[in-house]
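Secondary and tertiary structure notes
Below, each chain spelled out in residue letters.
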Amino acid sequence: MFKAQHSGQTHLFIPGPTNVPEAVRQAMNVAQQDMRAADFGQLTLPLFEGLKKVFKTMGGEVMLFPGSGTSAWEAAITNTLNPGDKVLMARYGQFSTLWVKMAEMLGLEPIVVDVPWGAGVPWKEFGRILGRDKDDEIKAVFVTHNETATGVVSDIEAVRRVMDECFHEALLFVDGVSSIGSMDFRMDQWGVDLAVTGSQKGLMMPAGLGILGVSQKALEASKTATMRRAYYDFADMRAFNKDGYFPYTPPTPLLHGLRAALGLIEAEGLEAVFARHARLAEGVRRGVKAWGLDTVAEHHSLYSNTVTAVRVPEGVDAREVLRIAYEELNASFGSGLSRLAGKVFRIGHLGSFNEGMTLTALSLAELALVKAGARVPLGAGVAAASNWFAHGAAAPGVMAVAAE
Ligand SMILES: *Cc1c(COP(=O)(O)O)cnc(C)c1O
């Protein structure tokens, strides 16, 4: 479908791919180069070190696979597990659901805990299940750190704690595709064995790199794991990576982009990047509250700082809100996925994002909501977020702007 002609900026407020900073885009505009040249490692070796800082790992290694985040999921599984292995997983949104599906397709035997979409990882239930598993039959625990479908962040530290409390030996797999680089992630401290991300979310790049943090324990497991793998084999990758090369043709423009993106993160400061995401996300949530709408996240402790899933009022179709935003306002928001279709739209506020973009997202969202028939007080969301940005709190009275 073609959009009507628009002038001016096209607005991308989806939780990935995210907006690519101009410096990163320029950095990718390079001539093709010799990937076997003696000095190729000068480009690549610092990328591994830079990513280790973002993953917060000293002991682990980082690998870059051509592919998207999903390819890194597959690499993590096939390199460290065996066909028929029992693994512990939970479903609380579309991405955690898809990970279960992949585990089944690859021949694992997932023990699945289903919780409502809007809840986080059921770590207490995980603790009970792991505690009963006296013979360590469960080989891995999988957690989606930030469930992009629901805007829910889960407590990885709590999962690690319940694993440690029963001295469980399982590997800990964490999907950090929409958190790593935007929200605090502590691979070593949380004892994460396989940390998965992709290039097109917090790292502010186009899709094309599946990025994996691998602990020493996971590397050890990879030496005996019997699942079939070829393209995504760790051993091949490590043998070449140690000198900065790849076992096959790497997407060199993306590597240049990654260098620029890591440079931006380092210049701003990783903790400052997290603080910015927290500040902008709080602005979005205050805006949503001022509309009188709810988030999908069930509790404030579960609020994601990279994506907010907003429930539209009864009688309004979220698909219509998205259509109007796209066709009439030149703005893309994330759709409600799977069982949330029609009920929810999502605002992505991660990566290269700032106050101006946050306020634009809120103003266009409320416009689309009203055009789609929602009784939302125009300007209320923007005012609430502006007050938060200006004063660190909403000024009294601002929230009271009456619905028409
Ligand atoms: C985007 C996303 C994925 C999928 O990554 P792709 O890069 O699209 O393969 C997986 N998990 C989460 C949490 C995501 O946000």
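This structure is a prediction, so every number in the text was calculated from the model and none was measured. (Residues numbered from 1 in each chain as written. Predicted model: local features only at pLDDT ≥ 70, side-chain atom pairs only at ≥ 80, totals over all residues. Heavy atoms only, no water.)

Attention shifts here to the nonpolar core. Within the largest apolar cluster, 86 residues are counted, with the highest numbers of intra-cluster contacts made by L81, V141, F142 and F173. Looking at this core, the element that brings in the most residues is helix 9 (residues 252-268), giving seven residues. Both domain 1 (11-18 + 269-392) and domain 2 (32-266) contribute no fewer than three residues apiece to this core. In this view, L81 contacts V87, L108, K139, A140, F142, L171, F173, A225, T226 and M227; residues no more than four positions away in its chain are not counted. F13, F353, L362 and L369 belong to the second largest nonpolar core, which has 30 residues in total. (Core = buried A, V, L, I, M, F, W, Y, C linked by side-chain atoms within 4.5 Å. Buried < 20%, exposed > 50% of the residue type's maximum accessible area, 1.4 Å probe, protein only. Helix = DSSP H or I, 4+ residues; strand = E, 2+ residues; numbered from the N terminus. Domains from an automatic or database assignment. Contact = heavy atoms within 4.5 Å.)

The ligand sits among S68, G69, T70, W73, F95, N146, T148, D175, V177, S178, Q200 and K201. At 2.5 Å from an oxygen atom of the ligand is found a side-chain nitrogen or oxygen belonging to S68. Here an oxygen atom of the ligand sits 2.7 Å away from a polar atom, N or O, in the side chain of Q200. Considered on its own, the ligand offers 380 Å² of accessible surface; in the complex 88% of this is hidden by protein. Across the shell around the ligand, the residue classes tally to three nonpolar, seven polar and two charged. (Near = heavy atom within 4 Å. Polar contact = N/O pair within 3.5 Å; in protein donor to acceptor, adjacent residues only side chain to side chain. Areas by Shrake-Rupley, 256 points an atom, 1.4 Å probe, with all protein chains shown as cover. Nonpolar A, V, L, I, M, F, W, Y, C, P; charged D, E, K, R; others polar.)

With omega at 0°, the peptide bond leading from G16 into P17 counts as cis. Phi at D136 is positive, roughly 50°, even though this residue is not glycine. Mapped onto the secondary structure, D136 falls in the loop between helix 5 (123-132) and strand 5 (138-144). Its identity as a non-glycine residue notwithstanding, F167 has a phi of 50°, on the positive side. Turning to its location among the elements, F167 is positioned in the loop between helix 6 (156-165) and strand 8 (171-175). Residue F167 is classed as exposed on the basis of its relative accessible area, which comes to 70%.

Moving on: the packing of aromatic side chains. One pass over the structure, following the stated rule, counts 14 aromatic pairs. Centroid distance F185 to W190: 5.5 Å. Interplanar angle 70°. Geometry classified as edge-to-face. Each member of the pair, F185 as well as W190, is classed as buried. A centroid spacing of 4.1 Å and a plane angle of 10° characterise the contact between Y231 and Y248, whose relative ring orientation is stacked. Of this pair, Y231 sits in the loop between helix 7 (216-222) and helix 8 (234-241) while Y248 sits in the loop between helix 8 and helix 9, and the two are 17 residues apart along the sequence. Take Y231: its relative accessible area is 41%, and that puts it in the partly exposed class. (Phe/Tyr/Trp six-rings, centres within 6.5 Å; stacked < 30°, edge-to-face > 60°.)

Remember, this is a structural readout, not a statement about activity or role.
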